[in-house]
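Topology and contacts: notes
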Amino acid sequence: MKKISVTVWNEYFHEVEDAAIGKIYPDGIHGCIAGFLKEAGMDVRTATLKEPEHGLTDEVLNSTDVLIWWGHMRHGEVCDDVVEKVHKRVKQGMGLIVLHSGHASKIFGRICGTNTGELKWREDGGKEILWLVDPTHPIADGLPEKIVIEHEEMYGELFGIPEPDALVFISWFEGGEVFRSGCCFHRGMGKIFYFRPGHESFPNYFHKDVQKVIINAVKWAAPAQLPVITGGKSEPAFVK
């Protein structure tokens with residue numbers, strides 16, 4: 001069986017510019033995610049903002065089954081041409097997983113068609129509980145009914161996204177806020193999953209249940225063997 005081909009994209013600035021964050025993620029956030037995906041049997045490459053075409057060349061995108069996106073500091077520096085290429089590939093069937101502050105990325109905004117930067121936030125390192133609200137969803141496979149994260153950044157509603165096609169997780173925070181933290185969308189042939197945890201100051205991509213969610217999401221978002229779909233003027237499907 002062919003391995004799922006995953007590209008993990010990360011700005012890779014926090015880990016370089018802040019020694020404390022670099023200590024948490026010495027191989028970068030992308031390196032951490034790539035590591036546990038490789039252990040799960042996937043074919044993984046990484047890409048970062050400073051690379052030519054942000055590491056997302058036509059060759060890379062055309063051979064990627066699922067793209068994982070982590071961004072925060074430099075959303076505005078992502079080239080619009082690259083965003084359009086990624087968007088096109090998603091509509092053609094490439095899966096997209098957007099993590100944490102990637103909610104404000106150009107690509108997620110393009111996917112959603114809304115101002116996805118609208119939410120409450122607070123960097124207090126309080127407890128987060130991710131409650132599983134759709135235990136029948138493939139992303140929930142093998143997970144407990146709740147995932148406890150001892151220290152995280154708070155995100156709170158209202159979240160400026162369209163109604164998800166499926167909602168897998170809702171978060172509760174110590175301050176009383178709640179947030180839609182596991183949202184599924186479909187665009188064209190592509191499947192998209194937004195997953196909230198992952199503030200750079202906390203080592204939560206080492207959390208085994210968080211890793212399990214991302215592994216499951218990659219498997220869910222990976223394209224099936226799709227039929228060839230044609231458009232434009234068409235002859236009748238049935239001839240008398």
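Here we summarise the structure given alongside this text. Predicted model only: the values in this text are computed from it and were never measured.

Calculation criteria
- Counting of residues starts from 1 at the beginning of each chain's written sequence and follows it residue by residue.
- Selection of residues for local features in this predicted model requires a pLDDT of at least 70, selection of side-chain atom pairs for listing and counting requires 80 or more, and totals for whole chains, interfaces and linings are taken over all residues.
- Neither water nor hydrogens contribute to the side-chain values; these are computed over all heavy atoms in the structure.
- What counts as a helix is a DSSP run of H or I of at least four residues, what counts as a strand is a run of E of at least two, and both are numbered from the N terminus.
- To estimate how far a helix should reach, multiply one less than its number of residues by 1.5 Å.
- Each residue's exposure class comes from its accessible area (1.4 Å probe, protein chains only) as a fraction of the maximum for that residue type: buried when under 20%, exposed when over 50%, partly exposed otherwise.
- Only the six-membered ring of Trp is used, alongside the rings of Phe and Tyr, when aromatic pairs are assigned; centres must lie within 6.5 Å, and planes under 30 degrees apart are stacked while those over 60 apart are edge-to-face, with the rest tilted.
- Note on criteria: charge over ring means Lys NZ or Arg CZ within 6 Å of the ring centre, with the direction from the centre no more than 35 degrees off the ring normal.
- Here, any two strands with at least 2 DSSP bridges between them count as paired.
- As a rule, the C-alpha atoms of each element are fitted with a line to give its axis, helices using only the stretch in contact, and angles between N-to-C directions run from 0 to 180 degrees.
- When checking whether two residues touch, look at their non-hydrogen atoms; a contact exists if any pair is within 4.5 Å.

**What about helix α7 (residues 208-221)?**
- Taking 1.5 Å of rise per residue, 14 residues should cover 20 Å, and α7 covers 20 Å from first to last C-alpha, within 8% of that figure.
- When α7 is considered as a whole, its buried residues turn out to be Val210, Gln211, Val213, Ile214, Ile215, Asn216, Ala217, Val218, Trp220 and Ala221.

**Remarks on the packing of aromatic side chains**
- For the structure shown, the criterion picks out 10 aromatic pairs.
- Seen in terms of ring centroids, Phe108 and Tyr194 are 5.5 Å apart; in terms of plane orientation they differ by 25°. Their pairing is stacked. Here the residue Phe108 occupies a position in helix α6 (residues 106-112), and Tyr194 occupies one in strand β9 (residues 190-195), the gap between them amounting to 86 residues. Each of the two residues, Phe108 as well as Tyr194, counts as buried.
- Aromatic side chains Phe169 and Phe195 sit 5.8 Å apart centroid to centroid with 50° between the ring planes, which places their arrangement in the tilted category. In this pair, Phe169 sits in strand β7 (residues 166-173) while Phe195 sits in strand β9, placing the two residues 26 residues apart along the sequence.
- Of the residues examined, Phe169 reaches a relative accessible area of 1% and is grouped as buried.
- Looking at Phe195, the relative accessible area reads 0%, which means it is buried.
- Through a chain of ring-to-ring contacts, the aromatic side chains of Phe108, Tyr155, Phe159, Phe179, Phe185 and Tyr194 assemble into a single cluster.
- The positively charged end of Arg74 is found above the aromatic ring belonging to Phe13, 3.9 Å away from the centroid.
- A cation over an aromatic ring shows up here: Arg196 above the ring of Tyr155, its NZ or CZ 5.0 Å from the ring centre.

**Some words on the sheet that holds strand β1 (residues 5-10)**
- Spatially, β2-β1-β3-β4-β9-β8-β7-β5-β6 is the arrangement adopted by the 9 strands of the open sheet, whose pairing is mixed. The sheet is open, and its two edges are formed by β2 (43-48) and β6 (146-156), each paired on a single side. Going from strand to strand, the sheet's axes swing by 25° on average, the running direction of each strand aside.
- In terms of strand pairing, strand β5 (residues 120-132) meets β6 through 8 bridges, oriented antiparallel. Paired with Arg122 across the bridge in β6 is Met154.
- Where helix α3 (residues 28-39) meets the sheet, it contacts β1, β2, β3 (66-70) and β4 (95-99), and its direction lies at approximately 160° from that of β1.
- Packing of α7 onto the sheet brings it into contact with β1, β3, β4, β6, β7, β8 (178-187) and β9, and relative to β9 it is tilted by some 165°.

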